[in-house]
Amino acid sequence: MASNLLVKSIEEMSMDGDEPPSEYLVKGNSFGSKDSSTLIPIPIIDVSLLPSESELEKLRSALSSAGCFQAIGHGMSNSYLDKVREVAKHFFALSVEEKQKYAPVVNESEGYGNDRIVSEKQVLDWSYRLTLRVFPKEKRRLSLWPENPSDFSETLEEFSAKVKSMMDYLLRSMARSLNLEEGSFLDLFGKQCLLQARINFYPRCSRPDLVLGVKPHTDRSGITVLLQDREVEGLQVMIDDKWINVPTIPDALVVNLGDQMQIMSNGIFKSPLHRVVTNTEKLRMSVAMFNEPELDNEIGPVEGLINETRPRLYRNVKNYGEINYRSYQEGKIALETVKIANNCDREK
Ligand SMILES: O=C(O)CCC(=O)C(=O)O
Ligand SMILES: [Fe+2]
């Protein structure tokens, strides 16, 4: 009931083992299987081997089928990744009052809070998140950066810089894997490209059969790099119409392609549908980093990937983030709204 929602926070309901209110329940039979099959393994790619033709071929194949992979050999040690996880957990362990200091300004997405409500029909996510823009540096809203733990800002800044250089390297490798000039994708992002961090926290939930940590979505980013919880699984990716678990590998970073890379690659690379399931036993956290082109940059399928057999699938767009948000509000699939109707579609 709505009153329930107003009275108790997810954290309180989680601690008391309450039955989640109806706003959180996935309706009808659209939940799908919670325990997904592991028959289709998520590809593992060693970033340090990417100069080699065989690893580039693995990259091309992973991104044109699953749209995601587990990256190892990225140069960040296990203990370093644990430090990032610890800082994030420390923040979420603070008191509610302390965390509320970082609540978003009205109508803004940056800051600490729950699923942002954009429509009445929305099924709510069983999660808390802290969203912060990290780059460009001048666009940071420092008043929303936690002061506690005291090494939060420094750790986020350092991790972001490392993730950004990995993303840039991956963008160059993706271009090479398709026999394009190295800068074909990277240059579309521009020097002032955006990097946003979202730290997700998923409390225990008494009804994991009906409630999701994050509802099914594709990311609006170019690339998403995700540091998963060290132990607790929850992320699932849709492959061949099945929800596939993304296992936790402590020293791996999950790379998920976002919609903007599907557009730039003219549909060759996939932006996978993914979701997060809840569980009754353990809290889960994750740190997601999203890159996006400069807001004024027009992006679209790169020339070398448009030809007679593969006509242009998407129109050129600016500020896809805005298009994505509007589509979400209207219950539309953002990528579909920028698709160019082909002849068959037109005849319908
Ligand atoms: O927590 C996760 O594993 C994934 C979160 C996610 O999909 C997102 O923040 O966009
Ligand atoms: Fe996501």
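Note that the coordinates shown come from a computational prediction; the quantities given were computed from them, not determined experimentally. (Residues numbered from 1 in each chain as written. Chains lettered and ligands numbered in written order. Predicted model: local features only at pLDDT ≥ 70, side-chain atom pairs only at ≥ 80, totals over all residues. Heavy atoms only, no water.)

## A few points about the environment of S48
With respect to the helices, strands and loops of the structure, S48 is situated in the loop between β1 (44-46) and α3 (53-65). Its relative accessible area of 48% is what places S48 among the partly exposed residues. Linking S48 and V277, residues 229 residues apart in sequence, is a C-alpha distance of 32 Å. A polar contact is formed between the side chain of S48 and the side chain of D46, at a distance of 2.6 Å. (Helix = DSSP H or I, 4+ residues; strand = E, 2+ residues; numbered from the N terminus. Buried < 20%, exposed > 50% of the residue type's maximum accessible area, 1.4 Å probe, protein only. Polar contact = N/O pair within 3.5 Å; in protein donor to acceptor, adjacent residues only side chain to side chain.)

## A short note on the coordination of the iron ion (ligand 2)
Distances from the iron ion (ligand 2) to its protein donors, namely H217 (NE2), D219 (OD) and H274 (NE2), fall within the range 2.1 to 2.2 Å. If you list the donors of the iron ion (ligand 2) from N- to C-terminus, the spacing comes out as H-x1-D-x54-H. Here H274 lies in strand β11 (residues 274-277) and D219 lies in the loop between β6 (212-217) and β7 (223-228), a separation of 55 residues in the sequence. (Donors = N, O, S within 2.8 Å, 3.2 Å for Na, K, Ca; no water.)

## Some remarks on the pairing of strand β2 (residues 68-72)
Within β2, four of the five residues are buried, leaving the element largely enclosed by the surrounding structure. Looking at chain direction, β1 and β2 are connected through three bridges and run parallel. By the bridge assignment for β2, D46 is matched with I72. Sheet topology places β2 next to strand β10 (residues 253-257); four bridges connect them, and they run antiparallel. The partner of F69 across the bridge, within β10, is V255. (Pairing = 2+ DSSP bridges.)

## With respect to the pattern of salt bridges
Throughout the structure, instances matching the rule amount to 21 salt bridges. Two residues, E110 and R141, come together in a salt bridge whose shortest N-O distance is 3.4 Å. Of the two residues, E110 is situated in the loop between α5 (96-100) and β3 (111-113) and R141 in the loop between β4 (128-135) and α6 (152-177); the sequence distance between them amounts to 31 residues. Judged by its relative accessible area of 9%, E110 falls in the buried class. (Salt bridge = Lys/Arg side-chain N within 4 Å of Asp/Glu carboxyl O.)

## Overview of the pairing of β11
Of the two faces of β11, both are covered, the one formed by H274 and V276 as well as the one formed by R275 and V277. Relative to β11, β6 is paired through three bridges, and the arrangement is antiparallel. Looking at the pairing, H217 lines up with H274 of β11. Taken together, the three bridges between strand β8 (residues 235-239) and β11 define a ladder with antiparallel strand orientation. Paired with Q236 across the bridge in β11 is R275.

Limitation: the analysis is restricted to geometry and does not speak to function.
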